[in-house]
Amino acid sequence: MEIGISPVQSPLVSPALHIPLLAPRPPRLSALGHELEEIEQSGQFSNFGPVNSRFESEIISKMFRGTGACVTVANATLGLMLAIKQATGWRPRGKYALMPSFTFTATAQAALWCGLTPLFCDIDRDTWLPDAAAEEALLRQYGEDVAVIMPNATYGNCLDLARYEQLSRESGIPLVIDAAAGLGSLQMNGDAFGRGSTAPAVFSMHATKCFATGEGGLIYCTDPERIATLRRMAGFGLDAARITVMPGINAKLSEVSALQALEKLQEIGLIARRRAALQRLYARLLPGFTFQILAGRQSALQFASVLLPNHLRPKRAQILIELARQGIGAGHYFSPHLAEHPYYREHAVSGRLEVTQEISERMISLPISDKLTKAHVHHICSLFIHACREA
Ligand SMILES: *Cc1c(COP(=O)(O)O)cnc(C)c1O
């Protein structure tokens with residue numbers, strides 16, 4: 001399958017080369033004229049039409065190997081809002097949404113839209129996933145005031161779903177998984193991340209994710225009734241007779257977006273594997289740096305995340321400027337972490353965040369994309385090492 005990888009280049013990549021941090025590659029609508037005409041002829045452009053139905057059933061059979069059910073959404077943020085609302089009820093028992101501070105702002109915004117206050121916990125030093133002891137300490141401290149547990153599968157890393165299901169059962173607090181980056185991630189046993197989850201796992205298909213479309217998302221779990229409820233909620237809370245029977249919103253995916261999702265599904269295995277290989281090359285070429293420990297077999301990567309050695313922590317901005325000068329797009333997801341954002345200082349509560357603070361300050365995000373070659377990674381790493389030495 002042609003996925004736009006340039007032919008093998010000489011190890012000497014042109015120094016004038018510009019390599020962006022992200023290079024979104026959604027399926028090309030300009031190459032899907034026939035399929036677009038079919039949508040036009042069907043006369044159905046949204047409302048869980050035939051293309052959307054085909055995508056939902058194909059992702060269940062191909063990616064989740066026949067286990068579970070799913071509903072598409074217009075984006076993962078709406079998916080999180082629906083899943084939280086469904087799990088906690090119209091008037092939640094508690095007031096907090098337990099989540100890591102080391103996540104994207106959408107996780108916390110979704111909780112706020114459901115009337116909840118984000119309660120930030122620390123992360124594990126190795127996997128950068130929410131720290132189990134930190135979560136349990138906050139659950140002991142806030143008890144019944146916690147309405148929902150919302151772990152984030154950091155950078156597509158695999159959460160221990162069995163542990164979360166047990167935690168949820170024992171505490172009686174519902175669970176919603178922010179698996180936004182994880183469409184294409186594989187658990188240790190080779191299953192797609194989320195497969196078999198009884199709690200809703202919310203995935204994103206945003207252009208910047210490995211599973212890139214334009215805007216889109218997916219809620220997956222093993223319970224088809226819950227998925228049916230979420231589908232009604234995503235369609236204004238209307239039932240089959242178009243009577244409002246529950247809280248709802250418009251979170252439906254259009255048929256054109258579903259077509260892009262269907263196309264991306266055909267190549268996700270290949271591109272996720274290729275991105276993971278680039279990440280391994282980064283780790284091999286940067287031996288003095290710290291990388292995320294994988295809890296699963298493979299993460300669906302958006303970029304390569306690397307920690308600067310401690311002594312270079314104050315030099316990050318300078319290193320990024322030098323990389324930019326050399327044509328390399330680099331960033332620092334998720335730094336500042338959420339508890340540092342001005343809005344959440346007023347509208348969230350935090351536990352201890354020492355590990356989050358250290359890791360976010362040392363974080364550098366380096367390019368990964370479907371078009372990036374191994375020669376590019378060699379080029380980026382030599383410039384990165386040089387920029388660190390200069391600093
Ligand atoms: C991308 C992302 C989201 C939001 O996904 P959208 O589809 O853009 O709404 C939420 N949480 C995390 C952790 C993400 O990385």
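Residues numbered from 1 in each chain as written. Predicted model: local features only at pLDDT ≥ 70, side-chain atom pairs only at ≥ 80, totals over all residues. Heavy atoms only, no water.

## Points about empty space enclosed by the protein
One pass over the full model with this rule turns up two cavities of 30 Å³ or more. Each pocket or cavity is described by its volume, and for the largest cavity that value is around 60 Å³. In terms of lining residues, the largest cavity is bounded by 13 residues, among which A23, P24, A207, T208 and R275 are the most central. Of the residues that constitute the lining of the largest cavity, the class distribution is six nonpolar, three polar and four charged. (1 Å grid on protein atoms, 1.4 Å probe; cavity = no way out; pocket = protein on both sides within 12 Å on 5 of 7 lines; lining within 4 Å. Points joined across faces, edges and corners; volume = space filled by probe spheres on them. Nonpolar A, V, L, I, M, F, W, Y, C, P; charged D, E, K, R; others polar.)

## A word on helix α7 (residues 224-234)
Of all the positions in α7, only I227, T229, L230, M233 and A234 are classed as buried. Projected down its long axis, α7 carries its buried residues within an arc of 160°, all on one side. Across α7 from its buried face, at more than 90 degrees, point the exposed residues P224 and E225. Where α7 is buried, its residues touch β1 (69-73), α3 (76-88) and β7 (217-221). With a side-chain oxygen positioned 2.9 Å from the backbone nitrogen of E225, the residue opening α7 is D223. One or two positions beyond α7, positive phi appears at F236, with a value near 70°. (Buried < 20%, exposed > 50% of the residue type's maximum accessible area, 1.4 Å probe, protein only. Helix = DSSP H or I, 4+ residues; strand = E, 2+ residues; numbered from the N terminus. Arc of directions from axis to C-beta. Contact = heavy atoms within 4.5 Å. Polar contact = N/O pair within 3.5 Å; in protein donor to acceptor, adjacent residues only side chain to side chain.)

## Looking at the domain arrangement of the chain
If you check the domain split of the chain, you get domain 1 (29-265) and domain 2 (268-390). A C-alpha centroid distance of 25 Å is found between domain 1 and domain 2. On the domain 2 side, the residues contacting the 47 residues of domain 1 number 41 residues. Summing the contributions of domain 1 and of domain 2, the shared interface buries around 3700 Å²; its carbon and sulfur component is 60%. (Domains from an automatic or database assignment. Buried area = accessible area lost by both parts, 1.4 Å probe.)

## Description of the side chain of R275
Note on placement: R275 falls in helix α8 (residues 255-285). Judged by relative accessible area, which is 5%, R275 ranks as buried. A polar contact of 2.6 Å, which involves the side chain of R275, links it to the backbone oxygen of L301. With near-sequence residues (within four places) excluded, R275 lies in contact with C210, L301, Q302, I368, S369 and D370.

## Notes on the layout of surface pockets
Estimates place the volume of the largest pocket at around 440 Å³. Lining the largest pocket are 27 residues, with F104, A180, S204, K209 and Q302 positioned closest to its centre. Breaking the lining of the largest pocket down by element, the ones donating at least two residues are α3 and α4 (105-113). Looking at the lining of the largest pocket, the element that brings in the most residues is α3, giving three residues. Here the residues of the lining of the largest pocket are counted per class, giving 12 nonpolar, 12 polar and three charged.

## Observations regarding the pairing of strand β9 (residues 304-307)
Side-chain alternation along β9 places A304 and V306 on one buried face and S305 and L307 on a second face that is also buried. Here two bridges tie strand β8 (residues 290-291) to β9, and the two strands are oriented antiparallel to one another. What sits directly across from F291, in β9, is V306. One ladder, built from four bridges, connects β9 with strand β11 (residues 363-366); its direction is antiparallel. Its bridge partner lying in β11, S305 is registered against S365. (Pairing = 2+ DSSP bridges.)

## Some words on the confidence of the model for the chain
Parts of the model with low pLDDT should not have their predicted coordinates read in detail. With 96% of its residues at a pLDDT of at least 70, the chain reaches an overall mean of 95. In the model, residues 1-10 has pLDDT below 50 throughout and makes 19 contacts with residues more than four positions away in sequence or in other chains. (pLDDT = per-residue confidence, 0-100.)

## Examining the packing of α8 against helix α12 (residues 374-390)
Their axes nearest at 10 Å, the elements α8 and α12 cross at an angle of 35°. Crossing handedness for the pair α8 and α12: right-handed. Contacts between α8 and α12 involve L278, L281, Y282 and L285 from the first element and K374, V377, H378, I380, C381 and I385 from the second. Each residue belonging to the contact of α8 with α12 can be placed in one class, and the counts come to eight nonpolar, one polar and one charged. (Axes fitted to C-alpha atoms, helices over the stretch in contact; angles between N-to-C directions. Left-handed = near helix turned anticlockwise from the far one by under 90°.)

## Some words on the nonpolar core
F55, I59, M63, F64, F193, F203 and F211 are the most contacted members of the largest nonpolar core, which has 51 residues in total. When residues in this core are grouped by element, the largest group, eight residues, is from α8. When residues of this core are assigned to domains, at least three map to each of domain 1 (29-265) and domain 2 (268-390). Apart from the residues within four sequence positions on either side, M63 is in contact with E58, L183, G184, A192, F211, L265 and I268. Among the nonpolar cores identified, the runner-up in size contains 37 residues, and A97, M150, V176 and I227 belong to it. (Core = buried A, V, L, I, M, F, W, Y, C linked by side-chain atoms within 4.5 Å.)

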